[in-house]
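Given next are the chains, with one letter for each unit.
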Amino acid sequence: MDTANEVKLQEQYIEKVKKINQNKIPKYTILTMGCQLNENDSEKLCGMLENMGYIQTQDSKEADLALFNTCCVRENAEDKLFGKLGELKRLKEERGIIIAIGGCMMQEKHITDKIKQSYPFVDILFGTHTLHKFPENLYKTIEEKKKLEDIIDINGEIYEGLPIKREGNIKASVTIMNGCNNFCSYCIVPYVRGRERSRMPKDIIYEIEDLAKQGYQEITLLGQNVNSYLRAEHEKGINFGDKEGIHSFATLLKAINKIDGIKRIRFVSPHPKDFTEDVIEAIASCNKVCKLVHLPLQSGNSKVLKEMNRKYTKEQYLALVKQMKEKIPNLTLSTDIIVGFPGETEKEFEDTLDVVRQVKFEQVYMFIYSRRVGTPGDKMENQIPEEQKHKRFDRLKALVESQMQENNQKYVGTVQKVLVEGESKNNKDLLTGRTDSNKVVIFEGSEDLIGKIIDLKIISEHMWYLKGEM
Ligand code: 5AD
Ligand code: SF4
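Just so we're clear, the structure is a prediction, and the values are computed from it rather than from any experiment.

Q: Is there a simple way to explain unusual backbone geometry in this structure?
A: Trans is the common state for peptide bonds, and a negative phi is the common state for residues other than glycine. In this structure, the amide linkage connecting V268 to the following residue, S269, adopts the cis form with an omega of -15°. Turning to its location among the elements, S269 is positioned in the loop between strand 11 (264–268) and helix 10 (277–285). Non-glycine residue Q298 carries a positive phi angle of around 75°. Mapping Q298 onto the fold places it in the loop between strand 12 (292–294) and helix 11 (302–307). With a relative accessible area of 7%, Q298 lands in the buried category. Residues other than glycine seldom take positive phi values, yet K360 does so here, at roughly 55°.

Q: Would you mind going over the sheet that holds strand 6 (residues 148–150) with me for this structure?
A: Two pairing modes exist for strands in a sheet, parallel and antiparallel, and in both the strands are linked by backbone hydrogen bonds. Pairing is parallel across the open sheet formed by 6 strands, whose spatial order is 2-1-3-4-5-6. Each edge of the open sheet is held by one strand with a lone partner, namely strand 2 (55–56) and strand 6. Against the sheet, helix 4 (residues 109–118) makes contact with strand 4 (98–103), strand 5 (124–126) and strand 6, and its axis sits at roughly 180° relative to strand 5, the strand it touches most.

Q: Mind showing me how you'd approach the state of the cysteines here?
A: Disulfide: a covalent bond connecting the sulfur atoms of a pair of cysteines. With the rule as written, the count across this model stands at 0 disulfides. Here C72 stays unpaired: no disulfide links it, and the sulfur of C104, its closest cysteine neighbor, is 5.0 Å away.

Q: Would you mind showing me how to read the site of ligand 2 here?
A: In the neighbourhood of ligand 2, the contacting residues comprise C180, N182, F183, C184, Y186, C187, V189, P190, Q224, H271 and R310. Tallied by class, the residues present in the shell around ligand 2 amount to 7 nonpolar, 3 polar and 1 charged.

Q: Sorry if this is basic, but what is going on with the pattern of salt bridges here?
A: When the charged atoms of two side chains with opposite charge come close together, those side chains can pair. Within this structure, the stated rule accounts for 41 salt bridges. In this structure, the salt-bridge partner of K109 is D113, at a minimum N-O distance of 2.7 Å. Here D113 and K109 lie together in helix 4, a separation of 4 residues that amounts to about one turn. Taking relative accessible area as the criterion, K109 reaches 61% and is therefore assigned exposed. In the salt-bridge network here, residues are joined through shared partners; they are E43, E160, R166, R199 and E207.

Q: Explanation requested: the sheet that holds strand 15 (residues 415–423) in the structure shown.
A: Overall, mixed pairing links the 5 strands, which are arranged 15-16-17-19-18 in a closed barrel. Along the sheet, successive strands turn relative to each other by an average axial angle of 50°, direction set aside. Across 4 bridges, strand 16 (residues 431–435) lies against strand 17 (residues 440–443) in antiparallel orientation. By the bridge assignment, T432 is partnered in strand 17 with I442. Of the strands in this sheet, strand 15, strand 18 (453–462) and strand 19 (465–469) touch helix 15 (residues 386–411), which is tilted by about 135° from strand 18.

The rules behind each value
Residues numbered from 1 in each chain as written. Chains lettered and ligands numbered in written order. Predicted model: local features only at pLDDT ≥ 70, side-chain atom pairs only at ≥ 80, totals over all residues. Heavy atoms only, no water. Helix = DSSP H or I, 4+ residues; strand = E, 2+ residues; numbered from the N terminus. Buried < 20%, exposed > 50% of the residue type's maximum accessible area, 1.4 Å probe, protein only. Pairing = 2+ DSSP bridges. Contact = heavy atoms within 4.5 Å. Axes fitted to C-alpha atoms, helices over the stretch in contact; angles between N-to-C directions. Disulfide = S-S within 2.5 Å. Near = heavy atom within 4 Å. Nonpolar A, V, L, I, M, F, W, Y, C, P; charged D, E, K, R; others polar. Salt bridge = Lys/Arg side-chain N within 4 Å of Asp/Glu carboxyl O.

Below, the structure written as structure tokens:
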């Protein structure tokens, strides 16, 4: 069946479940782990559920359905899932709630085996390639009272037109591609999300035009490797149409930059090895593309980078940063770093600190290396002891925090363009927004500013946020 007909079929299942729910308002909870791509998948699951008559609750005690969208990039997500399943067992026994688990972790056989063995009360297991079939699977579980496992190991298709319920009404995420071809040796993603597949340019543009009509101001483009957008399609000779001359990530940015109503464009994550000049030029020339670029470093040592299969050296990374800083005025950078990759010596770790010192990132997302079953990194013999990994992590953290304070100081006294997002979570009398460089700014102002980009003078810095005034 082609993807359009598959989506139509799922729409029929949505109607069937809705009919079952006709005289009641069942409730669901959803717990999402992991990255923004997973969050975007959850928005689709919520969209399907709400079209089936469900409403969301935060309290699993009153839920009729509990849904998990899992991540498997690091091991703490596993502990979280199994802890939660232990809690839900009682609700299953007392009230027979439906429990469904989906997402990346379900693509790992050792995990689904463990669930089937130790948590046999789970009703639906589905993977990353079968998310669109959630209505059908839910219908079958309700009607036939069967336990269902719907996980396939091949590259899933891209299904357009699934319902979606977005988290906010100012910022929206748009997935532009699925999967990854890079096989960094620590990373599980290529095994659980399959090979790179890009959405067609016209589908992305329509989605963003529609978001603009709904009043969304900021778009974040998502993919595991956004700067190889359409590369696989080029290689396979797939016709991706002729929407606004889009044939690459750079041309996609330029086309989105022209969409009226959208004020800011962000994207995660690019890979340094694919950061071509046309993308740098597009960021520089597109006024709506934010000048904060997330450029995952992972390690600052060329030997470790080679072992990680990252395909760039320390020098190449630094040269790329230099080139970007020269060509993109007001550029700021954020990054991901892994400490304690197998075989990493003290001296090699210090190269990472060195790059952090040189580049002065706006934000650093730091991770302790976590062994992932099935990856080359897991089979390496020279694993670093936990204690040592933690020590290195703490050293990196101390450096990053001291740099952050220094960097925050630079904002004080400047005027920043801030997109106002809403009330501050910690103080309802204040508003919160973000600068182009994604820094949180808290300030006093009236509610009618929400959704607007305004000028704020920064008056003080507080590590995780800045204070501003009109
Ligand atoms: N251990 C620790 N961190 C990891 N990441 C990916 N895989 C692992 C792993 N096995 C980090 C990388 C990536 C980010 C999303 O998660 O830094 O960029
Ligand atoms: Fe994982 Fe590397 Fe692909 Fe990113 S580029 S998803 S780190 S394999």
